[in-house]
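Structure at a glance
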Amino acid sequence: MMKKILALLVMTTLMVSCVSKKKYVLLEEDLTETRGELQKTTIEKEDLEAKFAKIEKRVEVYNSQINSLQSDNANLTESNNQKMDLLADNSAPISENMKANLRETLAKLPPEALEGATTLKDSMNIAISYKLKESINENNIDNGGDIDVNIDQTVVMISVADSLLFRSGSYNISSKAYPLLAKLADVINAEPSIDVMIEGHTDSKGIHTETIVDNWDLSVKRSTSVVRILQNKYKVDPARLIPSGRSSYVPLTDNSSYKNRARNRRTNIIIMPNLNKFFALMAEEEVVSLED
């Protein structure tokens, strides 16, 4: 009997021992699997954190770019305002009324006249030149023959043939040039915001007399003669007149024939906008209107 009981206890102990070991192995496998999942989750978490950090960095860059664009836009707006608030020499402010007057002046111009204008100065040059063109047309200073009128976006250049202004080899103004110079004086006097350069040109044939040293001398003397007539006879403000001479060094064509040499002998009357005067005159007009 005792032997049977002992054998039964041994078998029970062995069975309990076997069950516990099996459970242990299963638990160990579960632990290993859990650790693997945890490690995998940790890696995925680190990867997500890295991706999120990159996204945050991109957002930061985008925000910086947006802020920069906003700042640039604000600067451009301020720059445009400053262009409207300063004179041509960027030294003196203009009022809101003057700004309105400028916009009104530009609004009257046809769109094609303002093509290529990128700054306030460009626009003002074009506006003044456009007004000059109207004045020239009103005074019947027509192209053709001895007179050629060219108008670009900034200046008006009136080229007058030598045969209309002077006798050959002389710098004395011919009386037949007076009607033209009178019309030019009317244009100049009607627009105080312009300056005028008188530019003498000769052909390549040399000259030397008791009163003329060379072609340089002749070209300057001719321009000065025109200036004196405009000042003394037609009361153009001398402060607005600029005499200059180019001798034979800026020809329109070669000097190989009499016809070509005659074409090269000319006087250019260059009418140039003076923006300082333009704004100053607008300021004076504004003061007068306020006083009224």
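The paragraphs below set out a description of the structure included in this document. All residue numbers here refer to positions counted from 1 along the written sequence of the relevant chain. The predicted nature of this model means local features are confined to residues of pLDDT at least 70 and side-chain atom pairs, given and counted, to a pLDDT of 80 or more, with totals for whole chains, interfaces and linings taken over all residues. With hydrogens and water excluded, all non-hydrogen atoms of the structure serve as input to the side-chain values.

**A look at the overall build of the chain**
Heads up, the condition is: Where helices and strands are cited, they refer to DSSP runs of H or I of at least four residues and of E of at least two residues respectively, numbered from the N terminus. Burial classes follow relative accessibility: with a 1.4 Å probe on protein chains only, a residue under 20% of its type's maximum area counts as buried, one over 50% as exposed, and anything between as partly exposed. Contacts were defined at the residue level, with two residues in contact if any of their heavy atoms lie within 4.5 Å. All accessibility values rest on the Shrake-Rupley procedure with a 1.4 Å probe; residue burial counts only the protein chains present in the view.
Of the regular secondary structure elements, the chain holds 8 helices and 5 strands. Scanning the chain from its N terminus toward the C terminus, one meets helices and strands in the order α-α-α-β-β-α-α-β-α-β-α-β-α. Within the chain, buried positions represent 32% of all 292 residues. Partitioning the intrachain contacts of the chain with sequence separation of at least 6 by distance along the chain shows that 66% fall at a separation of at least 24. Per element, the accessible surface of the chain, about 19,000 Å² overall, is 56% carbon and sulfur.

**Here's the deal with the pattern of salt bridges**
The test is simple: The term salt bridge refers to a side-chain nitrogen of Lys or Arg lying within 4 Å of a carboxyl oxygen of Asp or Glu.
Applying the stated criterion across every chain, the model contains 6 salt bridges. Ionic pairing is found between D47 and K51, a salt bridge with its closest N-O pair at 3.6 Å. Placement of both D47 and K51 in helix 1 (residues 2–85) is noted, with a separation of 4 residues, approximately one turn of the helix. A relative accessible area of 39% means that D47 is categorised as partly exposed. The class for K51 is partly exposed, based on a relative accessible area of 46%. Here D162 and R222 are joined by a salt bridge, their closest N and O atoms 2.4 Å apart. On the criterion of sequence distance, the pair formed by D162 in helix 4 (residues 162–165) and R222 in helix 6 (residues 215–233) is long-range, its members being 60 residues apart. Across the pair, R222 and D162 agree in class, each one buried. One salt-bridge network, held together by shared partners, links D162, D203, R222 and R265.

**Structural notes on the packing of helix 5 (residues 178–190) against helix 6**
Note the threshold: With axes taken as lines fitted to C-alpha atoms, and helix axes fitted only over the stretch in contact, angles between N-to-C directions fall between 0 and 180 degrees. Orientation categories follow fixed angle ranges, with anything under 35 degrees roughly parallel, anything over 145 roughly antiparallel, 65 to 115 roughly perpendicular, and all other angles oblique. Left-handed describes a crossing whose near helix is turned anticlockwise from the far helix by less than a right angle; the clockwise case is right-handed. When residue character is reported, Ala, Val, Leu, Ile, Met, Phe, Trp, Tyr, Cys and Pro are called nonpolar, Asp, Glu, Lys and Arg charged, and the others, Gly included, polar.
Two elements in contact, helix 5 and helix 6, have axes separated by 10 Å at closest approach and are oriented at 65 degrees. Between helix 5 and helix 6, the crossing angle belongs to the class labelled roughly perpendicular. Helix-helix and strand crossings are classified by hand; for helix 5 and helix 6 the assignment is right-handed. Together, Y178, L181, A185 and I188 of helix 5 and V226, I229, L230 and K233 of helix 6 make up the contact between the two elements. Looking at side-chain class alone, the contact of helix 5 with helix 6 contains 7 nonpolar, no polar and 1 charged residues.

**Observations regarding the packing of aromatic side chains**
How we decide: Any two rings among Phe, Tyr and Trp, with Trp reduced to its six-membered ring, count as a pair given centres within 6.5 Å; such a pair is stacked if its planes are under 30 degrees apart, edge-to-face if over 60, and tilted if neither. Should the NZ of a Lys or the CZ of an Arg lie within 6 Å of a ring centre and within 35 degrees of the ring normal, that charge is described as sitting over the ring.
Counting across every chain of the model gives 1 aromatic pair. K221 extends its terminal NZ or CZ atom over the ring of Y171, reaching a point 5.9 Å from the ring centre. A cation over a ring is seen here: R265 above Y258, with NZ or CZ 5.9 Å from the ring centre.

**Concerning the nonpolar core**
Keep this limit in mind: Among buried residues, the Ala, Val, Leu, Ile, Met, Phe, Trp, Tyr and Cys ones that are joined through side-chain atoms within 4.5 Å form a nonpolar core.
I158, L181 and L230 are the most contacted members of the largest nonpolar core, which has 28 residues in total. Taken together, the elements giving at least two residues each to this core come down to strand 1 (147–151), strand 2 (156–161), helix 4, helix 5, strand 3 (194–201), helix 6 and strand 5 (266–273). At 6 residues, the largest contribution of residues to this core is made by helix 5. Among the nonpolar cores identified, the runner-up in size contains 5 residues, and L109, A113, I126 and A127 belong to it.

**Quick notes on the side chain of D203**
Relative to the elements of secondary structure, D203 occurs in the loop between strand 3 and helix 6. If we skip the residues at most four places from it in the chain, D203 touches N215, S248, N255, R261, N264 and R265.

**Here we look at a nonpolar patch on the surface**
Threshold: Each patch is built from residues that are more than 30% exposed by relative accessible area and take part in no salt bridge. Like charges join if they lie within 9 Å; nonpolar side chains (Val, Leu, Ile, Met, Phe, Trp, Tyr) join within 5 Å.
A contiguous nonpolar surface patch, about 280 Å² in accessible area, is contributed by V61, Y62 and I66. Examined against the element boundaries, V61 turns out to sit in helix 1. Residue V61 is classed as partly exposed on the basis of its relative accessible area, which comes to 37%.

**Topic: unusual backbone geometry**
Here K235, not a glycine, exhibits a phi torsion of approximately 60 degrees, which is positive. Of note, K235 is situated in the loop between helix 6 and strand 4 (241–245). Residue K235 is classed as exposed on the basis of its relative accessible area, which comes to 64%. In the Ramachandran plot, S247 falls in the positive-phi region, its phi being about 55 degrees despite a non-glycine side chain.

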